[in-house]
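# Coordinates in review
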Amino acid sequence: MDTSWKTRLCNECAQPYFTELMAFVRQAYAARTIYPPEADIFRALSLTSFEDVRVVIVGQDPYHGEGEAHGLCFSVHDGAKTLPSLRNIFKEIASEYGNAPQSTDLTSWAKQGVLLLNATLTVEKDCAGSHQGKGWETFTDAILKKISDEKEHVVFLLWGNYARKKADLIDHGKHLVLESAHPSPLSAHRGFFGNKHFKLTNEYLTAHKKQPINWHT
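Residues numbered from 1 in each chain as written. Predicted model: local features only at pLDDT ≥ 70, side-chain atom pairs only at ≥ 80, totals over all residues. Heavy atoms only, no water.

### What about the packing of helix 2 (residues 16–31) against helix 6 (residues 136–150)?
This is how the line gets drawn: For helices, the axis comes from a line fit to the C-alpha atoms of the stretch in contact; other axes are also lines fit to C-alpha atoms, and the angle between any two N-to-C directions lies between 0 and 180 degrees. Think of it this way: any DSSP run of H or I at least four residues long counts as a helix, any run of E at least two long counts as a strand, and we number them from the N terminus. Angles are sorted into four bins: roughly parallel if under 35 degrees, roughly antiparallel if over 145, roughly perpendicular if 65 to 115, and oblique for all others. Helix crossings are classified by the rotation of the near helix relative to the far one: an anticlockwise turn of less than a right angle makes the crossing left-handed, while a clockwise turn makes it right-handed. Every residue pair with non-hydrogen atoms within 4.5 Å of one another is taken to be in contact. Throughout, the ten residues Ala, Val, Leu, Ile, Met, Phe, Trp, Tyr, Cys and Pro are labelled nonpolar, Asp, Glu, Lys and Arg are labelled charged, and all others, Gly among them, are labelled polar.
Close contact between helix 2 and helix 6 brings their axes to 9 Å; oriented N to C, the two are set at 125°. Taken together, the axes of helix 2 and helix 6 lie oblique to each other. The two elements helix 2 and helix 6 cross, and the hand of that crossing is left-handed. Judged by residue contacts, Tyr17, Phe18, Leu21, Met22 and Val25 of helix 2 engage Trp136, Thr138 and Phe139 from helix 6. A class-by-class count of the residues in the contact of helix 2 with helix 6 yields seven nonpolar, one polar and no charged.

In structure tokens, the structure reads:
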């Protein structure tokens, strides 16, 4: 984690549930194939410092296929297969701006202040949701609450029913919360396409004298 997160989350990391969670995670990595690579578990909190957070995108689980997850929700390494939800995210950006991003690796977004946070930070290979209910959600909820409480004018993008449940953690008077259907092919046509979230995000940031996000880098 970036030092800014270590400082703010030290009390959370001292809680019994987090100690139990880390023990579970260590045992899981030792016993079977877990994603993302162990060094990338907290990558979102490494690339985007607390001070730099301007946008938060909430995912559910890391990708559970080989060579996919690398610690940023919806992102995959360049050269890996572009997965359906990310493909639809790029389609929406193209519809708003006229062209889609070229890189499937969203590290550049993270470095601009977009916190790409999965609610659960680890998953067993080929077993979606396998690490839910182990404590990760308590930890990532604390992160969202910390951002809401201690910052102003952050944009939270909540796509799909799972992410939308996080809206209660956020002070809507201080921040912009944008909700829609998930970009999955199963739901994108029910409200993700046409949500204009990328332009709305930048309009809000600009209105509050913050640098907009270059979604194409």
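### Regarding the pairing of strand 5 (residues 155–159)
We apply this condition: Only protein chains enter the area calculation, which uses a 1.4 Å probe; residues under 20% of their type maximum are buried, those over 50% are exposed, and those in between are partly exposed. When DSSP locates at least two bridges between a pair of strands, those strands are taken to pair.
With five of five residues buried, strand 5 is to be regarded as a mostly interior element. Across the two faces of strand 5 the burial is the same, with Val155, Leu157 and Trp159 and Phe156 and Leu158 all buried. Two elements, strand 2 (residues 55–59) and strand 5, share four bridges in a ladder whose sense is parallel. Paired with Val55 across the bridge in strand 5 is Val155. Where strand 5 and strand 6 (residues 176–180) come together, five bridges link them in parallel fashion. Bridge pairing in strand 6 places Leu157 opposite Leu178.

### Some thoughts on unusual backbone geometry
Cis geometry marks the peptide bond from Tyr35 to Pro36, where omega comes out at -5°. Turning to its location among the elements, Pro36 is positioned in the loop between strand 1 (34–35) and helix 3 (43–47). One non-glycine residue with positive phi stands out, namely Asp126, at about 60°. Mapping Asp126 onto the fold places it in the loop between strand 4 (123–124) and helix 6.

### Some points on helix 1 (residues 3–13)
Where we set the bar: Taken from the helix axis, the directions to the C-beta atoms give the arc we talk about.
Of the residues making up helix 1, those classed as buried are Ser4, Trp5 and Leu9. Taken around the axis of helix 1, the buried residues stretch over an arc of 75°, which confines them to a single face. For helix 1, the exposed residues lying more than 90 degrees away from the buried face are Thr3, Lys6, Thr7 and Asn11. Looking at the packing, one finds that the buried side of helix 1 touches helix 3, strand 3 (114–118) and helix 6.

### Some points on the packing of helix 4 (residues 84–97) against helix 8 (residues 197–207)
Two elements in contact, helix 4 and helix 8, have axes whose closest approach is 8 Å; the angle formed by their N-to-C orientations is 65°. Contacts from Ile89, Glu92, Ile93, Glu96 and Tyr97 of helix 4 reach helix 8 at His197, Phe198, Lys199 and Asn202. Here the residues of the contact of helix 4 with helix 8 sort into four nonpolar, two polar and three charged.

So, to be careful, I would describe these as geometric facts and stop short of saying anything about function.
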